[in-house]
Amino acid sequence: MAAAAAKKPGFRTLMRAMRHRKTGFMALFGFASGLPFALFLGTLYAWLTEAEVDLETMGVFSLIGLAYAFQFLWSPLVDRIDIPLFRKLGKRKQWIVPAQLVLGAVLVIMSALDPGSALGMFSLLAAIGAFASATQDIAINAWRIDIADEDATLDILSTVYQMGFRLSSLVGGALALILAARIGWPQTYLLMGGILLAIGVVGLFAPDADVVAPTAEQQDAMLELRRAGQLSPKVRMQALLAIGALWGAALLTVIVFMVMSMTAAPDERPDPTAFTATAGPLIVIATIVLPALIAGWLVGKQRNPALLLQEDVPVATGGAVVADHLYRALVLPLVEFVGRLGWSLVLILALVLTYRICDAIWGTFAYPFYLGELKYSNDEVAVASKFFGVGAIVLGLAIGGTLLTAIGRMATLTLGAVLAALTNLLYADLARGGITMQAFADAVGFTNLVQSFGARPEMAKLMLAIGAENLAVGIAGAAYVAWLSSIVAKGYSAVQYALLSSLTLLVGTLGRGALGQAIEERGYYNVFLFTTAIGGIAVVLCLAEWYRQSRTAQAGVVAPEPA
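Below you will find a few notes about this structure.

Parameters and conventions
Residues numbered from 1 in each chain as written. Predicted model: local features only at pLDDT ≥ 70, side-chain atom pairs only at ≥ 80, totals over all residues. Heavy atoms only, no water. Helix = DSSP H or I, 4+ residues; strand = E, 2+ residues; numbered from the N terminus. Buried < 20%, exposed > 50% of the residue type's maximum accessible area, 1.4 Å probe, protein only. Contact = heavy atoms within 4.5 Å. Areas by Shrake-Rupley, 256 points an atom, 1.4 Å probe, with all protein chains shown as cover. Phe/Tyr/Trp six-rings, centres within 6.5 Å; stacked < 30°, edge-to-face > 60°. Lys NZ or Arg CZ within 6 Å of the ring centre and 35° of its normal. Salt bridge = Lys/Arg side-chain N within 4 Å of Asp/Glu carboxyl O. Polar contact = N/O pair within 3.5 Å; in protein donor to acceptor, adjacent residues only side chain to side chain. Expected span 1.5 Å × (residues − 1). Axes fitted to C-alpha atoms, helices over the stretch in contact; angles between N-to-C directions. Parallel < 35°, antiparallel > 145°, perpendicular 65-115°, else oblique. Nonpolar A, V, L, I, M, F, W, Y, C, P; charged D, E, K, R; others polar. Arc of directions from axis to C-beta.

A few points about the overall build of the chain
Consideration 1: Secondary structure summary: the chain contains 23 helices and 0 strands in total.
Consideration 2: Buried positions account for 52% of the 563 residues belonging to the chain.
Consideration 3: By sequence separation, contacts in the chain at least 24 residues apart represent 83% of the contacts at least 6 residues apart.
Consideration 4: When the accessible surface of the chain is totalled, it reaches about 24300 Å², and 67% of it is carbon and sulfur.

Points about the packing of aromatic side chains
Here a ring pair, both rings aromatic, is described through the centre-centre distance and the interplanar angle of the planes.
Consideration 1: Applying the stated criterion across every chain yields a total of 19 aromatic pairs.
Consideration 2: Note on phenylalanine 29 and tryptophan 143: the rings are 4.9 Å apart at their centroids and 70° apart in plane angle, and the pair reads as edge-to-face. Taken together, the residues span a long stretch of sequence, with phenylalanine 29 in helix α3 (residues 21-50) and tryptophan 143 in helix α8 (residues 119-147) at a distance of 114 residues.
Consideration 3: We classify tryptophan 143 as buried; its relative accessible area is 0%.
Consideration 4: Taken together, the ring pairs in this structure connect Phe369, Tyr370, Tyr427, Tyr524 and Phe528 into an aromatic cluster.
Consideration 5: Across from the ring centre of tyrosine 497, 5.1 Å away, lies the NZ or CZ of arginine 144, which sits over that ring.
Consideration 6: Taking NZ or CZ as reference, arginine 432 lies 3.8 Å from the ring centre of tyrosine 525, over its face.

Quick word on the pattern of salt bridges
Consideration 1: All chains considered together, the criterion is met by 9 salt bridges.
Consideration 2: Measuring nitrogen to oxygen at the nearest pair gives 2.9 Å for the salt bridge that ties aspartate 79 to arginine 92. Taken together, the positions of aspartate 79 in helix α6 (residues 75-80) and arginine 92 in the loop between α6 and α7 (93-111) put the pair 13 residues apart, joining distant regions of the chain.
Consideration 3: With a relative accessible area of 3%, aspartate 79 lands in the buried category.
Consideration 4: Close ionic contact of arginine 548 with glutamate 545 constitutes a salt bridge, the shortest N to O distance being 2.8 Å. Placement of the pair is arginine 548 and glutamate 545 together in helix α23 (residues 493-554), with a separation of 3 residues, close to one helical turn.
Consideration 5: Arginine 548 sits in the buried class, given a relative accessible area of 17%.
Consideration 6: Here glutamate 545 falls in the buried class, since its relative accessible area comes to 1%.

Digging into unusual backbone geometry
Consideration 1: A positive phi angle, near 75°, is found at leucine 85, a position not held by glycine.
Consideration 2: Checked against the element boundaries, leucine 85 lands in the loop between α6 and α7.
Consideration 3: For lysine 375, which is not a glycine, the phi torsion comes out positive at approximately 65°.
Consideration 4: Position of lysine 375 among the secondary structure elements: in the loop between α17 (357-373) and α18 (378-406).
Consideration 5: Of the residues examined, lysine 375 reaches a relative accessible area of 62% and is grouped as exposed.

Quick look at the side chain of serine 168
Consideration 1: Note that serine 168 resides in helix α9 (residues 154-183).
Consideration 2: For serine 168, the side chain forms a polar contact with the main-chain oxygen of phenylalanine 31, separated by 3.3 Å.
Consideration 3: Apart from the residues lying within four places of it in its own chain, the contact partners of serine 168 are Gly30, Phe31, Gly34, Leu35 and Ala38.

Things to note about the side chain of arginine 409
Consideration 1: Within the fold, arginine 409 resides in helix α19 (residues 409-431).
Consideration 2: According to the relative accessible area criterion, arginine 409 is buried, its value standing at 14%.
Consideration 3: Looking at arginine 409, its side chain comes within polar contact range of the side chain of serine 486, at 3.3 Å.

Digging into helix α22 (residues 459-486)
Consideration 1: Across its 28 residues, α22 extends 40 Å between first and last C-alpha, which sits within 8% of the 40 Å expected from 1.5 Å per residue.
Consideration 2: By the criterion of burial, α22 is predominantly enclosed, with 25 of the 28 residues buried.

Brief notes about the environment of asparagine 470
Consideration 1: Within the fold, asparagine 470 resides in helix α22.
Consideration 2: Accessibility expressed as a relative area gives 10% for asparagine 470, which makes it buried.
Consideration 3: For the pair asparagine 470 and glycine 396, spaced 74 residues apart in sequence, the C-alpha separation works out to 7.1 Å.
Consideration 4: Of note is the side chain of asparagine 470, whose polar atom sits 2.9 Å from the backbone oxygen of glycine 389.

A few points about the packing of α19 against helix α20 (residues 435-444)
Consideration 1: Running from amino to carboxyl end, α19 crosses α20 at an angle of 105°, the nearest separation of the two axes being 7 Å. Comparing the axis directions of α19 and α20 gives the class roughly perpendicular. The segment α19 lies against α20, with Leu426, Asp429 and Leu430 engaging Ile435, Thr436 and Met437.
Consideration 2: Among the residues forming the contact of α19 with α20, the class breakdown is 4 nonpolar, 1 polar and 1 charged.

Quick look at helix α10 (residues 185-202)
What sets the pattern is the α-helix's 3.6 residues per turn: residues three or four places apart point alike.
Consideration 1: For α10, spanning 18 residues, the distance from its first C-alpha to its last is 26 Å, which sits close to the expected 26 Å at 1.5 Å a residue.
Consideration 2: Three or more residues of α10 are buried, namely Trp185, Thr188, Tyr189, Met192, Gly193, Leu196, Ile199 and Gly200. Taken end-on, α10 shows its buried residues confined to a sector of 135°, consistent with a single buried face.
Consideration 3: If you follow the buried residues of α10, they end up packed against α3, α7 and α9.

A look at the packing of α9 against α18
How two helices sit against one another is set out by the angle between their axes and by the gap between those axes.
Consideration 1: Where α9 contacts α18, the two axes come as close as 9 Å, and the packing angle between them is 175°. Looking at the two axes, α9 sits roughly antiparallel to α18. On the side of α9, the interface is formed by Asp155, Ile156, Thr159, Gln162, Met163, Arg166, Leu167, Leu170, Ala174 and Ile178, while α18 contributes Lys386, Phe387, Val390, Ile393, Val394, Leu397, Ala398, Gly401, Leu404 and Thr405.
Consideration 2: Each residue belonging to the contact of α9 with α18 can be placed in one class, and the counts come to 13 nonpolar, 4 polar and 3 charged.

Written out as structure tokens, the structure reads:
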């Protein structure tokens, strides 16, 4: 698909895809995905601040963000379980539409509450909303992968999704703050809830990759596990029990932590930073690393004729039916991944861990750098980062989408990695006073342009740095999501994509503590040089992945698309 798209003129292909019905709904779903993220993890704290909620309680509220980081834990349910009465909507829409309606209802109910006097109900609704939002993200990412075709390509859909997501962050962030200052927080959240309810209704008419009756192949899916040549039920059960125990322990750990954080007395609440730093890596090992090794063990067992069924066995009954369902939901996505990619999975995981790490961990320290280190005002930072910066990201996404169709996915991915790494040097210059950036802004006339709008001349170098970084982030982001979407199998897209995307979030969360310590000890300048080096590693890994894909294409290996 990507190869065919790459042969067509980039801009013409982009424009044709933008007129496609699927592309329009993709933009809408991207907007629906980003809006609750901005409302629950951003502007909500401004409302809580005005309601005079203490900082410690706000810290507990921030734990709802774990729903996004650990969404892969329930992604098998989204991939395999049908919701009664909603299944007729399609395999993915049966999860997308109800999630959007729940989100809209949650925001509407929150608008009727006072967070100062009804904090318990307020926090419960926020947690439900974050869970529904993370679930919606799982289904939307799978929907994007499943419906991609030659007209609405995976590259274009991924780009449009991010455009919608970024625009919604502007609506749920800066615009929500402006509205709240004029009409109040309850009315603002009521409006946002109404928007999500409307999207949920419109989403009923979106296409889906599975809107008709299940195919014969899908109906025979459970029978396939018990046909000759498949692994024996005993071997499958061993793997299922091991992976189930690992995932169950991880999920229980997160649930216990959330319950204790929400219900325990303030002095007895667990430390979220310590939990993320200690339990986070263990959860990654338990849910990704060890299951991948078990999946590799299963792939090896499939080569041993003694462990394979010699003939078809009777259809599963009773508890065996449940075991087969769990195996298909939890184990097969990993087996397919390891079996198809083999040792290449190590390269892919390394690229996932490094490609967006700077972007993932930098957000926490951006405002301290702008406000504390560089001494810009709140208004100046808002203009530069929220309005000018978001515009640069959207422009970068548009450029990235065009490049994907013009020069190909891996070329754009590598270019994005190079640009993202180099923009760290712009911030290094700012940390040293921004002499080079200011001289460039003066030379090209950007300083005069900024001053014509009444801003200080020093704003020019900040806006150029943020604009260049966000432009690079847009290009890199368009390529990264398209690449990440391309390496998963359609039949297991919900689980496989959730696993890979969650790795980026978790690594970013785990890396913030170390980056903060490095800033304290070595200063911003040296840290920006270090993040540039990390970006260089990502570039090398991109080249290695590019080479791997070229070799795979030359060998004529085609990735399977399981049902």
